[in-house]
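Report on the structure
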Amino acid sequence: MADLTTQFLELPVKNPLMNASGVWCSVASQLEALAESAAGAMVSKSCTLHPRDGNPEPRYRVFGHGGPKENKVCSINSMGLPNEGFAYYLRYAQRHDHENKPLFVSISGLTLDDNLTMVDSLKDAVTPAILEVNLSCPNVPGKSQIGYDFDAMDTLLAEVSSGYQRPFGVKLPPYFDMAHFDEAAEILNRYPLVAFVTCINSIGNALVIDLESETTLIKPKDGFGGLGGDYVLPTALANVNAFYRRCSEKTIIGCGGVKSGTEAFLHLLAGATLVQIGTSLYEEGPGIFPRVLDELAAIMDDKGYKTIADFRGKLKTIA
Ligand code: ERO
């Protein structure tokens, strides 16, 4: 039977699967369910300095396209960063069993100062929780994504590096242009404390329309929201592989379009060390983890891979 254990920043991890931030991780009962699940690691909902209600409902919808045979699972959301506030997730981090599985704390401050205040508190709290700074929230009305503003991204990474002085990671938006992969990677590579990069957040500002009612699926922002699920898999794989190739000193976490062992395998093959599940976790709940792990192990067995290191990052291209 395939060995699914892996390592993340030298920490042993039971397997490469975890939730995507925002899914099953907003309140303590959900975080506890993830802690008890088969996931190898977990991340809390991106938080702001103070609690937020987020955008009006309906603000998350799952939908399928392509007919029954295709069985696609897609989502659109404009949650607008509803969260319990940084102190709540810090309190959870202080009682989390980090030996059982690593916990990432995701922050998404509304201003640079808010991010730096949260970074300071996390540093002072001396918890083994791993900091992830979300540079890619697509859904706060009037706020553009830091990941699409390279000057702001550079400033933020400089300030967080000097304030935190410990390894941390960033959650990136998807990029769609080779020049943008190059430029983003060049900025990330200036900061050795940026130890990991999570690719990708949802594809921002999509519009899904119901044919019959001629109405948008979600209410906020005139129906515009972040796309997740099957539609985003190729974009996610491209971003994982683009940053894997360009950021050789950094670890990549893959996120986007994972619903079975197949997509988890593809993310690992493209260079991811950990693989997150979002839309399908929302649909299936934490019971998805043992299923996807069994499917991943079966694929590895079929291919004769004994460990993840046998194929991770070994994507072949056509000569
Ligand atoms: O609306 C949100 O809370 C949200 N949705 C996403 O798809 N990605 C995010 O990063 C995010 C909030 C930070």
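See the structure printed just above.
Our subject in this report is the structure included herewith. (Residues numbered from 1 in each chain as written. Predicted model: local features only at pLDDT ≥ 70, side-chain atom pairs only at ≥ 80, totals over all residues. Heavy atoms only, no water.)

**Some details on the site of the ligand**
- Residues in contact with the ligand amount to 14 residues; listed here are only the nearest, Gly80, Leu81, Asn139, Asn201 and Ser202.
- Between an oxygen atom of the ligand and a side-chain N or O atom of Lys45, the distance comes to 2.8 Å.
- Here an oxygen atom of the ligand and a backbone polar atom of Gly80 are 2.8 Å apart.
- Look at the ligand: alone it shows 330 Å² of surface, and the protein chains cover 92% of it. (Near = heavy atom within 4 Å. Polar contact = N/O pair within 3.5 Å; in protein donor to acceptor, adjacent residues only side chain to side chain. Areas by Shrake-Rupley, 256 points an atom, 1.4 Å probe, with all protein chains shown as cover.)

**Focus on unusual backbone geometry**
- The omega angle of the peptide bond from Glu57 to Pro58 is 0°, so this bond is cis rather than trans.
- Looking at where Pro58 falls in the secondary structure, it is placed in the loop between strand S4 (42-43) and strand S5 (60-63).
- Across the junction of Cys199 and Ile200, the peptide omega takes the value 10°, indicating a cis bond.
- Looking at the element boundaries, Ile200 is found in the loop between strand S10 (194-199) and strand S11 (203-207).
- Even without glycine at this site, Glu10 takes up a positive phi of about 70°.
- Residue position: Glu10 is located in the loop between strand S1 (6-8) and strand S2 (11-13).
- A residue is classified by how much of its surface remains accessible, and Glu10, at 73% relative accessible area, is exposed.
- A positive phi angle, near 50°, is found at Lys221, a position not held by glycine.
- Mapped onto the elements, Lys221 comes out in the loop between strand S13 (215-216) and strand S14 (224-229). (Helix = DSSP H or I, 4+ residues; strand = E, 2+ residues; numbered from the N terminus. Buried < 20%, exposed > 50% of the residue type's maximum accessible area, 1.4 Å probe, protein only.)

**A short note on the packing of helix H8 (residues 261-270) against helix H10 (residues 288-303)**
- Contact geometry for H8 and H10: axes closest at 8 Å, N-to-C directions at 65°. Where H8 crosses over H10, the two elements pack in a sense that is right-handed. Here Gly261, Thr262, Ala264, Phe265 and Leu268 of H8 lie close against H10, whose contacting residues are Val292, Glu295, Leu296, Ile299 and Lys303.
- Among the residues forming the contact of H8 with H10, the class breakdown is six nonpolar, two polar and two charged. (Axes fitted to C-alpha atoms, helices over the stretch in contact; angles between N-to-C directions. Left-handed = near helix turned anticlockwise from the far one by under 90°. Contact = heavy atoms within 4.5 Å. Nonpolar A, V, L, I, M, F, W, Y, C, P; charged D, E, K, R; others polar.)

**Comments concerning the pattern of salt bridges**
- All chains considered together, the criterion is met by eight salt bridges.
- Of the charged contacts, one joins Glu32 and Arg95 as a salt bridge, the two residues approaching to 3.0 Å between their closest N and O atoms. Separated by 63 residues along the polypeptide, Glu32 in helix H1 (residues 28-36) and Arg95 in helix H3 (residues 86-95) bring together distant segments of the chain.
- We classify Glu32 as partly exposed; its relative accessible area is 31%.
- We note a salt bridge from Arg291 to Glu284, for which the minimum N-O separation is 2.6 Å.
- Residues joined in a network through salt bridges with shared partners are Asp154, Glu186 and Arg190. (Salt bridge = Lys/Arg side-chain N within 4 Å of Asp/Glu carboxyl O.)

**Quick look at the sheet that holds S11**
- Here we have four strands laid out as an open sheet, ordered S5-S6-S14-S11, and antiparallel in their pairing. Single-partner strands in this sheet number two, and they are S5 and S11. Strand-to-strand twist across the sheet, computed as the mean angle between neighbouring axes with direction ignored, equals 40°. (Pairing = 2+ DSSP bridges.)

**Notes on the sheet that holds S10**
- Ordered in space as S3-S16-S15-S10-S9-S8-S7-S4, the eight strands form an open sheet in which the pairing is parallel. Across the chains shown, the open sheet's two edge strands, defined by having one partner strand only, are strand S3 (17-19) and S4.
- Sheet analysis places S4 next to strand S7 (residues 103-107), joined by two bridges and oriented parallel. Residue Met42 lies in a different strand from S7, and its bridge partner there is Leu103.

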